[in-house]
Amino acid sequence: MSDTAREEILARINEALGRRGGGEYVSSSTRTAVPGIGGTADAVSGGVASAEPAATAADAGYHHEGTHTGENLVELLVDRLVDYKANVHRADGDPSSTIAELIGDHSSVVVPRGLDSSWLEGYSGDVRVDAPGEELSVDDLDAQGAVVTASAVAIAQTGTIVLDGSDECGRRAITLVPDHHVCIVRTDDIVDIVPEGIARLDAHAPLTFISGPSATSDIELSRVEGVHGPRTLDVIILNE
């Protein structure tokens, strides 16, 4: 890269960050640049007012709301989930028959304490409930054929489902140890882009972000599924 090209690129970066060529933040009408510390000084008092950068998320043109709505939003999520090798199903009103079909071959499943019990009415096997003070051991969880949970948010653009540790989602371990996860996503909980999803979540909650079944290609670039979580992810899009 030539010196001229390098200088041009650095100049564009500095301009985008609101800085002068020497690394100083560009002053506004009421503030002056403070060299070296990435902050601004008050033009009246002469003291350092803050160390906040001149460029904000709004200045950078970041999107906070998506453009997909309705069925287009749902179809985008389905497309991303399928691309991540998740199995996607649609249900209207009552997902019990779909759930029963998906877990019917398992002799027992685990659910969080807040899951709607009517969703498992069609299942004839043993239902183990994981609850505070009554947590199943790792060995117990490993012996379950599947786990069934709800979800907090689903982000269509990235094909990501978020669990928040609530009574419907359960603690993180129950969705990582069993080899099969059936997750119900309500259409009302689907958003278009990540900022919309984050805005709906409690930052202090134990959040789990799921994009397809567990998979890794760390070893010789060969895809291996089920290493860090469920080998099979079934997602039921529930239109209530």
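Residues numbered from 1 in each chain as written. Predicted model: local features only at pLDDT ≥ 70, side-chain atom pairs only at ≥ 80, totals over all residues. Heavy atoms only, no water.

Asker: Could you clarify how one ought to interpret the environment of Asp164 in this entry?
Answerer: Relative to the helices and strands, Asp164 is located in the loop between strand S9 (160-163) and helix H5 (173-176). Sequence separation of Asp164 and Ala152 is twelve residues, and the distance between their C-alpha atoms is 6.1 Å. Excluding anything up to four places from it in sequence, Asp164 contacts Ala152, Cys169, Ala205, Pro206 and Leu207. At 2.7 Å, the side chain of Asp164 forms a polar contact with the side chain of Ser166. (Helix = DSSP H or I, 4+ residues; strand = E, 2+ residues; numbered from the N terminus. Contact = heavy atoms within 4.5 Å. Polar contact = N/O pair within 3.5 Å; in protein donor to acceptor, adjacent residues only side chain to side chain.)

Asker: I would appreciate a short explanation of the pattern of salt bridges in the present structure.
Answerer: Pairs can form between side chains of opposite charge once their charged atoms are near each other. Throughout the structure, instances matching the rule amount to ten salt bridges. The salt bridge involving Glu71 is made with Arg90; its shortest N-O contact spans 3.3 Å. Placement of the pair is Glu71 in helix H2 (residues 70-83) and Arg90 in strand S4 (residues 87-92), with a sequence separation of 19 residues. Note on Arg90: relative accessible area 41%, which makes it partly exposed. Among the salt bridges present, the one from Arg80 reaches Asp79, with a minimum N-O distance of 3.0 Å. Within this structure, Glu71, Glu75 and Arg90 form a network of salt bridges that share partners. (Salt bridge = Lys/Arg side-chain N within 4 Å of Asp/Glu carboxyl O. Buried < 20%, exposed > 50% of the residue type's maximum accessible area, 1.4 Å probe, protein only.)

By themselves, these are just geometric observations and shouldn't be taken as functional.
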